[in-house]
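Here is what each chain is made of, one letter per residue.
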Amino acid sequence: MLHDDISRIQLELVPMIQEIVTEWLIIHFFSTTPSESPALEDFSSQLSSLQIDSNIDRKSWNERLGKCDFTLAFMLLLNIQSSSGDLSHLSLRSLPGPHSFISSVRDFTSWMIWGNTGEESSAFFSHSTELASILLKHGQYDAVEYLLTIVDAHSRKEKLSGSIQSSDGGWCTLHHLLGCCLLAQAQGGLNGIQKEKKICEAVRCFFRASSGEGASQALQSLSSEAGLPHLGFNGHVSSAAWKLHYYQWAMQIFEQYNISEGACQFALAALEQVDEALGPQNDSCGEDPLNELATSFKGRLWANVFKFTLDLNHFYDAYCAIISNPDEESKYICLRRFIIVLYEHGAIKILCDGQLPFIGLTEKVERELAWKAERSDTAAKPNPYKLLYAFEMHRHNWRRAASYIYLYSARLRTESVLRDCPNLSLTLQERLNGLSAAINALYLVHPARAWINPLLGGNPLHNEHYPSKKAKKMVEEQPSSNDAQLQKLHSYVDVEKLENEFVLTTAEYLLSLANVKWTYTGMQKLPSDLVDLLVETNLYDMAFTIVLKFWKGSGLKRELERIFIALSLKCCPNRVGSSLTRTHGLLLTSSKDDTAIHGSIDPDPSTQQSKGSNRWETLELYLVSLSLSLS
């Protein structure tokens, strides 16, 4: 054979044979493949099952969907019989004659390949998108994927993809329908790797559909049942404007299917088109939907990116979306939601580890954390006050850190007074931890500024920024307005006051361990019976600590004398049933009361002698230690 003949066979005959074989392959597929039963969760199928429509053929076919004898070809006949074309004479109600049967089959197969015109198109299988739309409308997703995959593969093999893409938007329509099909399949019960593969392929198809020439007109000509709703474009629009709205549609459809990863990709893709689509050249578009400020447009898109990344638990990406948002109101709303979700997932500590860049958001983050702390229970996990303490300590804001942790201790103290706590010792231990943390924070501050606001009624940010205004208000409420130093003393808490409260709370904690109730509310003066209770409970170290901390001069000597008298009396033999003895105002327990605290009386004289010896040793130890400390 001549070279020209070989070339003609390769370029003309072989492609023609391949095309004919592929056409008959598709005809065979439609004629032999049973239809799929609609998914139970599909709303359109549920609505059609009600059979509100009076069309008898449609009712009977809906009942036969999924049956092995009801092939895809019957479903295509539904569209033919409902149309006004020349093929409407086809019917399944009566048995046709031989000539009519042959003619009907010829017309039907011709319609499947070339449409109503019956003429071969220059683009291979241009009618395939119409067939795919019909199948997609009836939930035949596997058939749609098979059909469009064959058409796409044949187009690539024939190197006609470029001509399809640049002709009438058919290439874009094909990939749009294929993307809708793959997305529906992903939600049809697939899991794991298969579902992820379908989603990735759907994303790829939608991106390809948006990039072809004529995509805007071709895709908007599709019915809403096939996917894309009409966007209302009038005339020619720029490529960026079209992509912006198409990506938003894709974002919404993925969000509808709860596929946050895919929705996030299209939200980011839409952001790339905003500046070009909403630039100065589009400012005079009148009623066009593109006539909108780019800032608010970006704000909504970044808010969507934030939502999708937050749904995926990508907290760092979600925060990046917050700081990238140009809309301040939207940014603040997202920040509040961000903190709430972090609390719900127990991941709030990422705000305190220094990994997030608080670009102009430090005060807002602190304000939201403080707002959350004020409205949270003190037993919340993680504790919001401790998070605020860590947040401020990491930024070397020592006084604010001390203020927040002291507020936590004050709330615990107030709640323990107002209601009975079942675990009082644990509450007191938490108060001690809070006071200790506040003291440690203030020791890092210069002594002249080592004080905090007691925060009895406000935000530490406001109180610290406007201390003079708060002090002025409190001074006006007092009758003696000239005593500014006394006013400052009552308005702020310094390290000395914190240490005093720590000592008293420690005494209350030790008494609670001995089942002795004594409450320090922070409002009253030092009770005169506290030392007596500590001595009666044998808490001598704490009793001496209280006396040395709060008494000076003659008062110190008097209280020390009372403690040593009580210790001396405990060294003497106890009389069972004796009455309470009062010496210089010191209340001592009788042997019965002492027994109630420390156990039953041991009748063995040797045991009593051993206890007495131990008490004398204790008295001697405290006398020696105190003489050394006071000398």
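Cut-off values and rules
Residues numbered from 1 in each chain as written. Predicted model: local features only at pLDDT ≥ 70, side-chain atom pairs only at ≥ 80, totals over all residues. Heavy atoms only, no water. Helix = DSSP H or I, 4+ residues; strand = E, 2+ residues; numbered from the N terminus. Core = buried A, V, L, I, M, F, W, Y, C linked by side-chain atoms within 4.5 Å. Buried < 20%, exposed > 50% of the residue type's maximum accessible area, 1.4 Å probe, protein only. Contact = heavy atoms within 4.5 Å. pLDDT = per-residue confidence, 0-100. Axes fitted to C-alpha atoms, helices over the stretch in contact; angles between N-to-C directions. Parallel < 35°, antiparallel > 145°, perpendicular 65-115°, else oblique. Nonpolar A, V, L, I, M, F, W, Y, C, P; charged D, E, K, R; others polar. Left-handed = near helix turned anticlockwise from the far one by under 90°. Phe/Tyr/Trp six-rings, centres within 6.5 Å; stacked < 30°, edge-to-face > 60°. Lys NZ or Arg CZ within 6 Å of the ring centre and 35° of its normal.

1. Describing unusual backbone geometry
Logical step 1: Cis peptide bonds are those with omega within 30 degrees of zero, and the linkage from K381 to P382 qualifies with -5 degrees.
Logical step 2: With respect to the element layout, P382 can be found in the loop between α17 (362-374) and α18 (384-394).
Logical step 3: The phi torsion at N538 lies on the positive side, around 65 degrees, for a residue other than glycine.
Logical step 4: Tracing the backbone through its elements, the reader meets N538 in the loop between α25 (530-536) and α26 (540-550).

2. Some points on the nonpolar core
Logical step 1: Counting residues in each nonpolar core, the largest one holds 115 residues, and the members touching the most others are F206, F254, F338, L351 and L369.
Logical step 2: Looking at this core element by element, the count peaks at 11 residues for helix α12 (residues 239-256).
Logical step 3: Filtering out sequence-adjacent residues up to four positions away, F254 remains in contact with L183, I199, A202, V203, F206, I259, G262, A263 and F266.
Logical step 4: If you look at the next biggest cluster of nonpolar residues, it comprises 28 residues, including M542, F544, L556 and A566.

3. A closer look at the side chain of E415
Logical step 1: Note that E415 resides in helix α19 (residues 398-418).
Logical step 2: Those residues in contact with E415 that lie beyond four places of it in its chain are T378 and C421.

4. Some points on the confidence of the model for the protein
Logical step 1: The predicted model of the protein averages 74 in pLDDT, with 67% of residues at 70 or higher.
Logical step 2: For the stretch residues 460-489, pLDDT sits under 50, and the model shows 22 contacts to residues farther than four places along the chain or on other chains.
Logical step 3: Contacts for the low-pLDDT stretch residues 575-612, under 50 throughout, to residues beyond four places or in other chains number 44 contacts.

5. Description of the packing of α18 against α19
Logical step 1: Between α18 and α19, the shortest axis-to-axis distance is 7 Å and the interhelical angle comes to 170 degrees. Considered as vectors, α18 and α19 are oriented roughly antiparallel to each other. Facing Y385, K386, L388, Y389, E392 and M393 of α18, the residues of α19 in contact are W398, R400, A401, Y404, I405, L407, Y408 and R411.
Logical step 2: Looking at the contact of α18 with α19 residue by residue, the classes come out as 10 nonpolar, no polar and 4 charged.

6. With respect to the environment of S376
Logical step 1: Relative to the helices and strands, S376 resides in the loop between α17 and α18.
Logical step 2: Ignoring any residue separated from it by four or fewer positions in sequence, one finds S376 in contact with P384 and R411.

7. Points about the packing of α19 against helix α20 (residues 424-442)
Logical step 1: In the contact formed by α19 and α20, the axes pass within 8 Å of each other and the chain directions differ by 160 degrees. In terms of axis orientation, α19 runs roughly antiparallel to α20. Where α19 crosses over α20, the handedness of that crossing is left-handed. On the side of α19, the interface is formed by W398, R399, A402, I405, Y406, Y408, S409, L412, R413 and S416, while α20 contributes L424, T427, E430, R431, G434, L435, A437, A438, A441 and L442.

8. Focus on the packing of aromatic side chains
Any two aromatic rings considered together are summarised by their centre-to-centre distance and by the angle between their planes.
Logical step 1: Applying the stated criterion across every chain yields a total of 17 aromatic pairs.
Logical step 2: On the numbers, 6.0 Å between centres and 85 degrees between planes, the contact of F206 with F254 is edge-to-face. In this pair, F206 sits in helix α10 (residues 192-211) while F254 sits in helix α12, placing the two residues 48 residues apart along the sequence.
Logical step 3: Look at F206 and you get buried, because its relative accessible area is 0%.
Logical step 4: Put simply, the rings of F206, F207, W242, Y246, Y247, W249, F254 and F266 pair up and form one aromatic cluster.
Logical step 5: Cation over ring: K372 sits above Y343, and NZ or CZ is 5.1 Å from the ring centre.
Logical step 6: Positioned above the aromatic ring of W451, the side-chain terminus of R399 is 4.1 Å from the ring centre.

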